[in-house]
Amino acid sequence: EPEVTQTPSHQVTQMGQEVILRCVPISNHLYFYWYRQILGQKVEFLVSFYNNEISEKSEIFDDQFSVERPDGSNFTLKIRSTKLEDSAMYFCASNREGNQPQHFGDGTRLSIL
Amino acid sequence: AQSVTQLDSQVPVFEEAPVELRCNYSSSVSVYLFWYVQYPNQGLQLLLKYLSGSTLVKGINGFEAEFNKSQTSFHLRKPSVHISDTAEYFCAVRPILTGGGNKLTFGTGTQLKVEL
C-alpha cells in the first residue's frame, strides 16, 4: 500500500537556525497537510495545501513558517528561525479528495537546542 | 469551530478483556468522525471512520465505533484486546460543509495499555 514518507525521522537544530522538513505524499494525492504534536499534547493542524497554494492555516502557522511543493513529489515545511517551542513531532498527511481520510507519515521529531 | 474531548488519558486493561475508549465532540456544524491509532515511534494510522449511514462502523484490527448524534459521542470498542493493541488512540473530527475546510481536529489521545 502506498505510504506518505517523511525525512528526516529526527532533526536536531540550534535555536535561530532554519530547518526544512520534507514529505513525499502518496503519488496521486492532491491535498497536503502539516500537523504537529508537542510532547504530551494533542495533534494540532498547521496548514493545508491544494493546487499550489495554501487553502487553510492555523494561528500557529505564522510568518516563520512556509510550505512549498518544489516539484511533483515533495512537499516541504520550512521554519525560518526556530524557537525552543518549535520542538515537536511534525506530521505530513495527504488525501486525494479533501473529504477523504487523510493518510499520515511517520513524522519528523524536531528538537531545538 | 470544533473540539474533541477524550476524557481518559490512560486505560489499562488485561488481555482478552473488552475495552471502550470514550470520545465526545462539540461542533456547530455536522462533522465526519475518525479514530486513528499511533503505535510507538510510528505515524497515525486510520482505524475507522464515520461519514454517513449506519451509526455502527467497523474498522481494522477488530475495532468498532458507534456514532451517537444526540450525545455527540463516538466511542471506540473492542470486545477482546490483544497485547499488540497497546498504543495511543486519537479521536478526530472534520466539518462536512464545503468550505468548512479539511483540517482535522484531534482529541488529546488515550493511551491503551494491554497487560497479561
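Everything quoted here is computed from the prediction, not taken from an experiment.

About the thresholds
- Residues numbered from 1 in each chain as written.
- Chains lettered and ligands numbered in written order.
- Predicted model: local features only at pLDDT ≥ 70, side-chain atom pairs only at ≥ 80, totals over all residues.
- Heavy atoms only, no water.
- Helix = DSSP H or I, 4+ residues; strand = E, 2+ residues; numbered from the N terminus.
- Rg over C-alpha atoms; globule rule 2.2 N^0.38 Å.
- Buried < 20%, exposed > 50% of the residue type's maximum accessible area, 1.4 Å probe, protein only.
- Pairing = 2+ DSSP bridges.
- Salt bridge = Lys/Arg side-chain N within 4 Å of Asp/Glu carboxyl O.
- Contact = heavy atoms within 4.5 Å.
- Buried area = accessible area lost by both parts, 1.4 Å probe.
- Polar contact = N/O pair within 3.5 Å; in protein donor to acceptor, adjacent residues only side chain to side chain.
- Nonpolar A, V, L, I, M, F, W, Y, C, P; charged D, E, K, R; others polar.
- Core = buried A, V, L, I, M, F, W, Y, C linked by side-chain atoms within 4.5 Å.

**Observations concerning the overall build of chain B**
No. 1: Per the secondary structure count, chain B includes zero helices and twelve strands.
No. 2: Starting at the N terminus, the α and β elements of chain B follow one another as β-β-β-β-β-β-β-β-β-β-β-β.
No. 3: The C-alpha radius of gyration computed for chain B amounts to 14 Å, which stays within 12% of the reference 13 Å derived for 116 residues, consistent with globular compactness.
No. 4: Oriented by its inertia axes, the alpha-carbon framework of chain B measures out at about 45 × 30 × 20 Å.

**Considering the pairing of strand S7 (residues 65-68) of chain A**
Residues and elements named next belong to chain A.
No. 1: Burial along S7 is one-sided: Phe 65 and Val 67 are buried, and none of Ser 66 and Glu 68, which face the opposite way, are.
No. 2: Here S7 pairs with strand S8 (residues 75-79) via four bridges, running antiparallel. Opposite Val 67, over in S8, you have Leu 77 as the bridge partner.
No. 3: Linkage of S7 to S8, two consecutive antiparallel strands, is achieved through a turn of six residues.

**Focus on the pattern of salt bridges**
No. 1: Applying the stated criterion across every chain, the model contains six salt bridges over all chains.
No. 2: Among the salt bridges present, the one from Arg 36 of chain A reaches Glu 44 of chain A, with a minimum N-O distance of 3.3 Å.
No. 3: Classification of Arg 36 of chain A by relative accessible area gives buried; the value is 10%.
No. 4: Ionic pairing is found between Glu 64 of chain B and Lys 58 of chain B, a salt bridge with its closest N-O pair at 2.8 Å.
No. 5: Within the structure, one salt-bridge network assembled from shared partners comprises Glu 20, Glu 66 and Arg 77 of chain B.

**What to know about the interface of chain A and chain B**
No. 1: If you look at the interface, chain A gives 16 residues, while chain B gives 19 residues.
No. 2: When chain A packs against chain B, the two sides together hide about 1,600 Å² of surface, and 57% of this comes from carbon and sulfur.
No. 3: Summed over the three residues of chain A that lose the most area to chain B, namely Lys 42, Pro 101 and Phe 104 of chain A, the buried surface amounts to 31% of that side.
No. 4: Summed over the shared surface of chain A and chain B, the number is zero salt bridges.
No. 5: The interface formed by chain A and chain B holds five residue pairs in polar contact (both at pLDDT 80 or more) in total.
No. 6: Among the secondary structure elements, those contributing two or more residues to the side of chain A that touches chain B are strand S4 (31-37) and strand S5 (43-50) of chain A.
No. 7: Ranked by residue count, the leading element in the side of chain A that touches chain B is S4 of chain A, at four residues.
No. 8: Here the residues of the side of chain A that touches chain B are counted per class, giving eight nonpolar, five polar and three charged.

**Observations concerning the nonpolar core**
No. 1: Counting 28 residues, the largest nonpolar core has Leu 33, Trp 35, Leu 47, Leu 48, Phe 74, Leu 76 and Tyr 89 of chain B as its most contacted members.
No. 2: Only strand S2 (10-14), strand S3 (19-21), strand S5 (31-38), strand S6 (44-50), strand S8 (64-68), strand S9 (73-78), strand S10 (87-95) and strand S12 (110-115) of chain B provide two or more residues apiece to this core.
No. 3: Among residues more than four places away in sequence, those in contact with Phe 74 of chain B are Cys 23, Leu 33, Phe 34, Trp 35, Leu 48, Lys 49, Tyr 50, Val 57, Ala 65, Glu 66 and Phe 67 of chain B.
No. 4: Phe 32, Ile 60, Phe 61 and Ile 112 of chain A belong to the second-largest nonpolar core, a separate cluster that totals 23 residues.

**So, the environment of Val 47 of chain A**
Residue and element names in this part refer to chain A.
No. 1: With respect to the secondary-structure elements, Val 47 resides in strand S5.
No. 2: Its relative accessible area of 0% is what places Val 47 among the buried residues.
No. 3: For the pair Val 47 and Leu 113, spaced 66 residues apart in the sequence, the C-alpha separation amounts to 25 Å.
No. 4: Setting aside its immediate chain neighbours within four residues, Val 47 contacts Phe 32, Tyr 33, Trp 34, Ile 54, Glu 56, Lys 57, Phe 61 and Val 67.

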